[in-house]
Amino acid sequence: MFYLDLTTPSSKSLIWTNAIFQRPASRIDDVGQACIPPPLRVDDPVMMSYVKTLPPIVCEGERDWVFVDNGTLRFTKHAKETYGNFSCKFYNLVRIHEKNVTWGAVYANVQEGYRIPGDFFKVECKSAKGDNSSVEIHAGVAYTHDRASRPEVDLTQGLEGLSIAIIGFDSLSRLSWMRRLPKTREYFLGLGAIELEAYNVVGDGTTAAMFPMLSGKFEWELPKCGLNKKDAIPMDEFPFIWHEMQKAGYLTSWSNGLSGAFNWRFLGFNQQPTDFYTRPYFYAVRPGRTFKRPCIGEKRTSQVWLEFFRDIFLMYPKRRKFLFHFYSEMTHEDNNPITRIDGELKESIEFLYKGGYLENTVLILMGDHGARYGKMRSTLQGKLEEKLPYFSFLFPKWFGTKYPQALKNLRTNVNRLTTPFDIHETFKDFLKFGGTGMGNVSERGISLFKEIPRERTCAHAQITSHWCACLPWKNVSADDADVKEALKCVLETINNYTSAYRSDCEELSLESVTQSLKLENQPSRERPGRTDLTLYQLTLYTTPGQGHFEVTVTYDQALGQMSTGGKEISRINKYGDDSACILKKDTQIKQYCYCRKRKKN
């Protein structure tokens, strides 16, 4: 059961949150359930005070001369009327590696109706008189023999070649999605979509969602792939599910921007990982780490991203697909910009549904986690929402007829504890269906086509206490002697991470404590049957630099030891350029480092 004693709040910022933790009347399906999601309110007044609906983006400036339609180069009506006859040169975009692209051989004087040979290209056009010109970089899905003729493996033991198409957004909790994408959500639910209400993260940030979902592994269970790490390797051979999908005849896609899950602090891929891969395009358009400008030519960046997703269906309507299109820039730092595309996203889903493209496709809409920092995250509800991202499925109508028990189990699991590891096991069922029945609580990943046992806890699912949303935390005074020892442990741990770079990074000390919580009688993994662990969850500011951290510390009473580590430490405010001095040396400690030179400035 989830509860939180707020009778003695440790900071003024918590006083208003009492109401959100009043338990609702017990539901029948809650009886005997070990982990129940906290009863958070979508209309909580404090959370609603951060919501702003922004107007759609209008792109101004130079008008495009060309566009792509059905894999074909077309000249815009505006360009033909304004410049008459004009000539264009065409260059295919060539990916060299993750941070290097170039342009292929030039095709001179290409005409309208030219079938694009690759997904990304540059065109240089000139008017007949030579007094006007245009240089544009475009994305469009090319029709190729390799993609069209890929052999398909017999999947009668799976789900018969059913496709998976995922649209995801960074930092969107379940409730934030409900607040900011009401048109999309209403339409999706109206089609029969199923939302998971107890979907819980298993770690910090995007990669803690992506690695388990795509590989069934935690980051530390995979080979080293971090930037500037000894013996690190690219991720080409990682057991991502899209490799198995490709072998079965699926067309695969991973579409993210430059600040993507596998590139910001990792080596990325030597070879293009999927059939469709948009990183080279965004790198060509905007060399650098991010692409925050809202327009590419006369199109909205979100429009380009959504149209590329749509065009894969248009160009390959009958092919099996595993598509994962994930967008960070509109939600990572602030959730409100996503309100600009609520109508656009709804229209994209409507286009796919009415066009019949979802008749053999499971469409998934999701967030990877809730907001990780900022004012919204600093609230108690924001703290819990970070752990509970949005996740929903839309199955073809025939699926429930052919697999009634699988769909029934999925609906049963809506309020059961679920994780990215479960999504991975569910994906595997598309290749070889493991049947229905009751899931095994001892397995950290359970297909959602099986029933998740009521007795499943975060410990069963290998979610550490730091990330579990259904634990009985209680307030404790920051003056408590054990809390002081826990704070000492936190500072020693953080400073140990940066000690090898002390000439670059300041040693941090405690500035203030904004919240201190306690969780007693927790089981010990090392001593089965013993419940002699006490957990402390501390929210604090460090100095210099005003770092805002939330940390879970374990007190082993038998050993008299306090301990914590990187998996139990969250940086919950922006650190911007505070750690710029360390990024080329060790990106893994960026959240802990406050640069000495910055202090002097």
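The rules behind these values
Residue positions are given per chain, counting from 1 as you read along its sequence in written order. With pLDDT at 70 or above as the cut-off, local features in this predicted model cover only qualifying residues; side-chain atom pairs require 80 or more to be listed or tallied, and sums for whole chains, interfaces and linings still use all residues. Calculated side-chain values reflect all of the structure's heavy atoms, with hydrogen atoms and water omitted. When DSSP finds two or more bridges between a pair of strands, those strands are recorded as paired. Segments assigned H or I by DSSP are reported as helices when at least four residues long, segments assigned E as strands when at least two residues long, and all are numbered from the N terminus. Only the contacting stretch of a helix is used when fitting its axis, a line to C-alpha atoms as for every element, and angles between N-to-C directions run 0 to 180 degrees. Of the grid points, spaced at 1 Å and generated over the protein atoms alone, those admitting a 1.4 Å probe that cannot get out make up cavities, while open sets with protein on both sides within 12 Å along at least five of seven lines make up pockets; any residue with an atom within 4 Å of a point is treated as lining. Grid points are joined across faces, edges and corners, and a volume is the space filled by probe spheres set on the points. In this classification, the charged set is Asp, Glu, Lys and Arg, the nonpolar set is Ala, Val, Leu, Ile, Met, Phe, Trp, Tyr, Cys and Pro, and all remaining amino acids, among them Gly, are polar. The definition used for a disulfide is geometric: two cysteine sulfur atoms within 2.5 Å. When accessible area is computed with a 1.4 Å probe and restricted to protein chains, residues below 20% of their type maximum are described as buried, those above 50% as exposed, and intermediate ones as partly exposed.

Draft legend 1. Expanded view of the sheet that holds strand 4 (residues 100–110). Ordered by their spatial adjacency, four strands build an open sheet running 4-3-5-6, and the pairing between neighbours is antiparallel. If you trace the sheet from one side to the other, it starts and ends with strand 4 and strand 6 (133–139), each paired once. Strand-to-strand twist across the sheet, computed as the mean angle between neighbouring axes with direction ignored, equals 20°. For strand 3 (residues 86–97) and strand 5 (residues 120–127), the ladder comprises seven bridges, and the chain directions are antiparallel. Within strand 5, the residue paired with Ser87 across the bridge is Lys126.

Draft legend 2. Expanded view of the layout of surface pockets. Of the voids in this model, the second largest pocket is the one considered here, and its volume is about 470 Å³. Taken together, 28 residues line the second largest pocket, and the ones lying closest to its centre are Asp64, Ile137, His138, Ile296 and Gly297. At the level of elements, strand 1 (66–69), strand 6, helix 8 (279–285), strand 11 (295–296) and helix 9 (301–315) are the ones that each hand at least two residues to the lining of the second largest pocket. Top element by residues in the lining of the second largest pocket is strand 6. It accounts for seven residues. Looking at the lining of the second largest pocket, its residues break down into twelve nonpolar, six polar and ten charged.

Draft legend 3. Representation of the state of the cysteines in the model. Scanning the entire structure with this criterion turns up six disulfides. Across a sulfur-sulfur distance of 1.9 Å, Cys35 and Cys470 are joined as a disulfide pair. On the sign convention where negative is left-handed, the bridge of Cys35 and Cys470, at about -105° about the S-S bond, is left-handed. Within this pair, whereas Cys35 is found in the segment before helix 1 (45–48), its partner Cys470 is found in the loop between helix 15 (420–429) and strand 16 (474–475), the two being separated by 435 residues in sequence. This pair shows no difference in class: Cys35 is buried, exactly as Cys470 is. Disulfide partner of Cys88: Cys125, at an S-S distance of 2.0 Å. Judged by the sign of its S-S torsion, about 105°, the bond between Cys88 and Cys125 is right-handed. One end of the pair, Cys88, is in strand 3; the other, Cys125, is in strand 5, and 37 residues separate them in sequence. For Cys125, a relative accessible area of 1% puts it in the buried group. Disulfides within the chain link the bonded cysteines, taken in sequence order, as 1-8, 2-5, 3-4, 6-7, 9-11, 10-12. Cys489 forms no disulfide, and the closest cysteine sulfur to it belongs to Cys505, at a distance of 20 Å.

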